[in-house]
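Each chain, letter by letter, is given below.
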Amino acid sequence: MRRALDEARVAFEAGEIPVGAVVLDASGEIIGTGHNDRERTADPTGHAEIVAMRRAASALGTWRLSGCTLVVTLEPCTMCAGAAVQARLDRLVYGAVDLKAGAVGSLWDVVRDRRLNHRPEVVAEVMAPECAALLSEFFTHRRVR
Ligand SMILES: [Zn+2]
């Protein structure tokens, strides 16, 4: 989560909403990192999780991220939660809860829907205060500007 927070800080410095993510393989090695880059890339799918999963898949040479863990500083949205299921991730670890758009327990629970045949294990609210503080700092600054 510390490495994901580093990524979130990179986004913060770039004026992007500070969310960071990393993907670890089965041995715990980081195989993909990403931060929110929607503004820079003008890409609606430029969320930290998508960027990190794309890099991890490209590093492994397969779309299938079985055995891997996604660590992200904010509870994933519906798109990212859906992508985590599609990637067959084993585990999803997130920091701050997103009451307004979270799809891993808050508004929806996409990854633990019993109708799906793949359901990643979820570990919620890891270093949540640190992850949330970066986001509130960002939005406070933006309101002032
Ligand atoms: Zn997302």
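The name given to the protein chain in an unreviewed UniProt entry is tRNA-specific adenosine deaminase, with the source organism recorded as Actinomadura litoris. What UniProt states about the protein chain under its Subunit (unreviewed entry) heading is, verbatim, "Homodimer." Turning to the protein chain, the UniProt annotation filed under Catalytic activity (unreviewed entry) states: "adenosine(34) in tRNA + H2O + H(+) = inosine(34) in tRNA + NH4(+)".

(A) The arrangement of helix α3 (residues 48–60) in detail. Under the 1.5 Å per step criterion, the end-to-end length of α3 is 18 Å for 13 residues, consistent within 8% with the ideal 18 Å. Burial in α3 covers these residues: Ala48, Glu49, Ile50, Val51, Ala52, Met53 and Ala56. Where α3 is buried, its residues touch α1 (2–13), β1 (20–24), β2 (30–35), β3 (69–74) and α4 (78–86). Of the residues trailing α3, Gly61 is marked for its positive phi of about 75°.

(B) Main features of α4. Of the positions making up α4, those classed as buried are Cys80, Ala81, Ala83 and Ala84. Buried residues of α4 fall within an arc of 160° about the axis and therefore sit on the same side. Its buried side turned inward, α4 meets α3, β3 and β4 (91–96). Backbone geometry just after α4 places Arg88 at a positive phi near 60°.

(C) Representation of the sheet that holds β3 in the model. Pairing within the open sheet is mixed, and its 5 strands lie in the order β2-β1-β3-β4-β5. Every interior strand has two partners, whereas the edge strands, β2 and β5 (121–123), have only one. The sheet shows a mean angle of 15° between the axes of neighbouring strands, direction not considered. With 5 bridges connecting them, β1 and β2 associate as antiparallel partners. Counterpart to Val22 in the pairing with β2 is Thr33. This element, α1, spans β1, β2 and β3 of the sheet and lies at about 145° to β1.

(D) Highlighting the nonpolar core. Residues Val23, Ala52, Met53, Leu70, Val71, Val72 and Ala84 are the most contacted members of the largest nonpolar core, which totals 40 residues. Broken down by secondary-structure element, the contributors of at least two residues to this core are α1, β1, α3, β3, α4, β4 and α5 (128–144). Broken down by element, the residue count for this core peaks at 6 residues, all from α3. If sequence neighbours within four positions are ignored, Leu70 has contacts with Ala21, Val23, Glu49, Ala52, Met53, Ala84, Leu89 and Leu92.

(E) Here's a closer look at unusual backbone geometry. Here the phi dihedral of Ala42 falls at roughly 50°; this positive angle occurs in a residue that is not glycine. Residue placement: Ala42 occurs in the loop between α2 (38–41) and α3. Even without a glycine there, the phi angle at Met127 is positive, about 50°. As for its position among the elements, Met127 is in the loop between β5 and α5. Judged by C-beta crowding, with 18 C-beta atoms within 10 Å, Met127 ranks as partly exposed.

Reading the values: rules and limits
- Going along each chain's sequence as written, the residues are numbered from 1 onward.
- In view of the model being predicted, local features appear only for residues whose pLDDT reaches at least 70, and side-chain atom pairs are presented and counted only at 80 or more, with totals across whole chains, interfaces and linings using the full set of residues.
- UniProt positions are given in the numbering used here, feature names are shortened, and annotations may be inferred rather than shown by experiment.
- By the criteria applied, helices consist of DSSP H or I runs no shorter than four residues and strands consist of E runs no shorter than two, each listed in order from the N terminus.
- Helix span, as expected, comes to 1.5 Å for every residue beyond the first.
- We call a residue exposed when 12 or fewer other C-beta atoms sit within 10 Å of its C-beta, buried when the count reaches 20 or more, and partly exposed for counts in between; the C-beta positions come from the backbone.
- What counts as a contact here is a pair of residues whose C-beta atoms, placed from the backbone, lie within 7 Å.
- Throughout, the arc means the angular range of directions from the helix axis out to the C-beta atoms.
- Strands pair, by our definition, only if DSSP identifies at least two bridges between them.
- Lines fitted to C-alpha atoms define the axes, with helix axes restricted to the stretch in contact, and inter-axis angles between N-to-C directions lie between 0 and 180 degrees.
- Each nonpolar core consists of buried Ala, Val, Leu, Ile, Met, Phe, Trp, Tyr and Cys residues. Their C-beta atoms, within 7 Å, join them into a set.

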